Amino acid sequence: MPSKPAPIKKSPAKKAAEKAPGPEPAPEAAPPAEAAPVEATPAETAPAAEGEAAPAAPPEDTPASEASAPPASPADAPPADAPPADTAPADAAPAEAAVVEEPPKAPTPPPPAAPTSAPLDVSVEDINDSSLTIKWKRPETIGDTGLDGYTVEYCKDGTTDWVVANEELTSSNRYCIKNLTAGDRLHVRVVALNAGGPSEPGRLAEPVPIREVADRPKIRMPRHLRSRVVKQVGQQINLVIPFIGKPKPSVSWLKDGQPLDSKRVNNRNSDKDSIVFIRAAERDDTGVYEMTVKVDSFEDKATLTLQIVELPGPPASVKLVDAWGFNAALEWTPPKDNGNTEITGYTVQKADKKTGEWFTVLEHYHRLTATVSDLIMGNSYTFRVFSENHVGMSEKSASTKEAATIQKTGIVYKPPEYPEHDFSEAPRFTTPLSDRFATVGYTTKLLCSVRGCPKPKIEWLKNQMIIGDDPKFRQISNQGICSLEIRKPCSFDGGVYTCRAKNAQGEATVSCKLEVKQVTVPEAK
């Protein structure tokens, strides 16, 4: 079966001829190497002819038959049974050369250069009776072409004749305009330049009078007002802020960026200070107050923060979580109104339903959960919680809806059993008798001490003979101290005295020797 014929190729010379302008271009014969096979049908050759003619359309006066290549004759076509590989080498070289030799596309032109945005924050830096110094900030958007410099222009108030102050571009962000006339009011603008041209001008907000400023405005904020000023609701507020400036500065106040409400805040300004007065402070007076002192184009600003506080509200809710033994667990949530200041703690109180009296169990407590202990068995308790802040404790409290009942348990008190101690003890002398010397006629006493349980019976003996109830001797026994008093002894009362202690556990004795001496008086010569 014969293969599909190759498409018709046009040589570069033919394409150039078609693109070249001419009234009637002469048709060119197709090269033999590019002849189509006999089997090519009009339906197959029509798209190729239309596709080749599309890039360069012929002029209007050129016939359509001349724009397209003449069909190949059957005599020039190869035989039907000839393989397509025999003709492929002849067609390959012209086809590749046609693709490579196409003219390159023109490069995309770069986008046009754009000017910068307007310079920012144009303001007055210094002024006197003959010059004006202004400053500004770089434009927010500069672009790829960079920034060449700035021009400074000015014109008198009431005119539109702008004068360029600097002959050459300046790269600095400040410029001094010299040789000015005192008393003039000038409008000033700054323009940024680059390859894209001039930018939108940055202007001064108001015209500047050319004159000497004696003293620039300066606010002298008191030290106690530099930090946050805290006042309570209902208190009177009187703030005095001094300042300097000549001639007399103009003073303005803003609260949170808005003018002061004259119904709530009174303001009085003098040559040296400004007074802000609030008769009775309210929570709405809280905010940032900004003071501006201005002399001509010079100004100074200062801010102070005022905070109005009050007692907090009660906790949002209090819940009894659990009750066990002699304890109760509580849980609560912070108050919805904190009094415009932070919550510093909570106070927890309990009340017995029998008495209804409230007792504080926790003070300055910081957590939101607590366990109350040492509750009495058989009683029911209710609890309430107060909020605390820097002002004080909340006036109202949040109470538990349920009562905590401490159940009685079946506990029977059983006193401990202690074994009885046997204190029985045989007599024992802790202090023995000691030998004594006595003088005839002078009463003497023998002493000793004894212990024992039960209390021992005490007997006194003289020379192993029981003394008994002899009135010459006096026997005393008190708290274990035993004494024998011998009244006015004589020589015959000397001897060995024995004290004997006896009870059911046994007996003990102790003895001593008593010697009675006669006093001799020497005779007179």
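Residues numbered from 1 in each chain as written. Predicted model: local features only at pLDDT ≥ 70, side-chain atom pairs only at ≥ 80, totals over all residues. Heavy atoms only, no water.

Along its length, the protein carries four helices and 35 strands. Counting over 525 residues, the protein shows a buried share of 31%. Contacts in the protein between residues far apart in sequence, at least 24 positions, make up 65% of those at least 6 positions apart. Just so you have it, the protein exposes about 33,900 Å², and 52% of that area is on carbon and sulfur atoms. (Helix = DSSP H or I, 4+ residues; strand = E, 2+ residues; numbered from the N terminus. Buried < 20%, exposed > 50% of the residue type's maximum accessible area, 1.4 Å probe, protein only. Contact = heavy atoms within 4.5 Å. Areas by Shrake-Rupley, 256 points an atom, 1.4 Å probe, with all protein chains shown as cover.)

We now examine the sheet that holds strand β16 (residues 273-278). In space, the four strands of this open sheet follow the order β10-β12-β16-β15, with antiparallel pairing throughout. Every other strand in the sheet has two partners, leaving β10 (215-219) and β15 (266-269) as the edge strands with one partner each. Averaged over all neighbouring strand pairs, the angle between strand axes comes to 20 degrees, with direction disregarded. Of the pairings in the sheet, the one linking strand β12 (residues 237-246) to β16 comprises six bridges and is antiparallel in character. The residue bridging isoleucine 241 from the neighbouring strand is serine 274, located in β16. (Pairing = 2+ DSSP bridges. Axes fitted to C-alpha atoms, helices over the stretch in contact; angles between N-to-C directions.)

Our next topic: the pattern of salt bridges. Evaluation of the coordinates by the stated rule reveals 22 salt bridges. Taking the shortest distance from any N to any O, the salt bridge between arginine 185 and aspartate 157 comes out at 3.8 Å. On the criterion of sequence distance, the pair formed by arginine 185 in strand β6 (residues 185-194) and aspartate 157 in the loop between β3 (149-156) and β4 (163-164) is long-range, its members being 28 residues apart. Close ionic contact of glutamate 299 with lysine 301 constitutes a salt bridge, the shortest N to O distance being 4.0 Å. Judged by relative accessible area, which is 43%, glutamate 299 ranks as partly exposed. Linked by salt bridges that have partners in common, Arg264, Glu282 and Asp285 make up one network. (Salt bridge = Lys/Arg side-chain N within 4 Å of Asp/Glu carboxyl O.)

The subject of this paragraph is the state of the cysteines. Note on terminology: a disulfide is the covalent bond linking the sulfur atoms of two cysteines. Going through the model one piece at a time under the given rule, you end up with zero disulfides. Not part of a disulfide, cysteine 499 finds its nearest cysteine sulfur in cysteine 448, a span of 3.8 Å. (Disulfide = S-S within 2.5 Å.)

With that out of the way, let us pick up the side chain of serine 380. With respect to the element layout, serine 380 can be found in strand β24 (residues 380-389). Separated by 3.0 Å, the side chains of serine 380 and threonine 405 make a polar contact. (Polar contact = N/O pair within 3.5 Å; in protein donor to acceptor, adjacent residues only side chain to side chain.)

Before going further, it helps to spend a moment on the confidence of the model for the protein. Averaged over the protein, the pLDDT score is 81; the fraction of residues at 70 or greater is 79%. For the stretch residues 1-98, pLDDT sits under 50, and the model shows 50 contacts to residues farther than four places along the chain or on other chains. (pLDDT = per-residue confidence, 0-100.)

Turning to the sheet that holds strand β5 (residues 174-177), a few remarks are in order. The strand order across the open sheet formed by three strands is β1-β2-β5, and the pairing between neighbours is antiparallel. Bordering the open sheet on either side are β1 (120-127) and β5, each of which pairs with just one other strand. Here the average twist between neighbouring strands, direction ignored, is 25 degrees.

Mapping alanine 114 onto the fold places it in the loop between α4 (88-100) and β1. Considered as a pair, alanine 114 and glycine 143 are 29 residues apart in the sequence and their alpha carbons are 7.0 Å apart. Those residues within four positions of alanine 114 in sequence are excluded, and the remaining contacts are Thr145, Asn194 and Gly196.

Here we take up unusual backbone geometry. Leave glycine aside and you will find that most residues have negative phi; peptide bonds, for their part, are mostly trans. Put simply, lysine 246 and proline 247 share a cis peptide bond, and its omega is -5 degrees. Within the secondary structure layout, proline 247 lies in the loop between β12 and β13 (250-255). The peptide bond linking cysteine 453 to proline 454 adopts the cis configuration, its omega dihedral lying at -5 degrees. Turning to its location among the elements, proline 454 is positioned in the loop between β29 (444-453) and β30 (457-462). One non-glycine residue, aspartate 256, lies in the positive phi region at around 55 degrees. At histidine 364, a position not held by glycine, the phi torsion is positive, near 50 degrees. Along the chain, histidine 364 turns up in strand β22 (residues 358-365).

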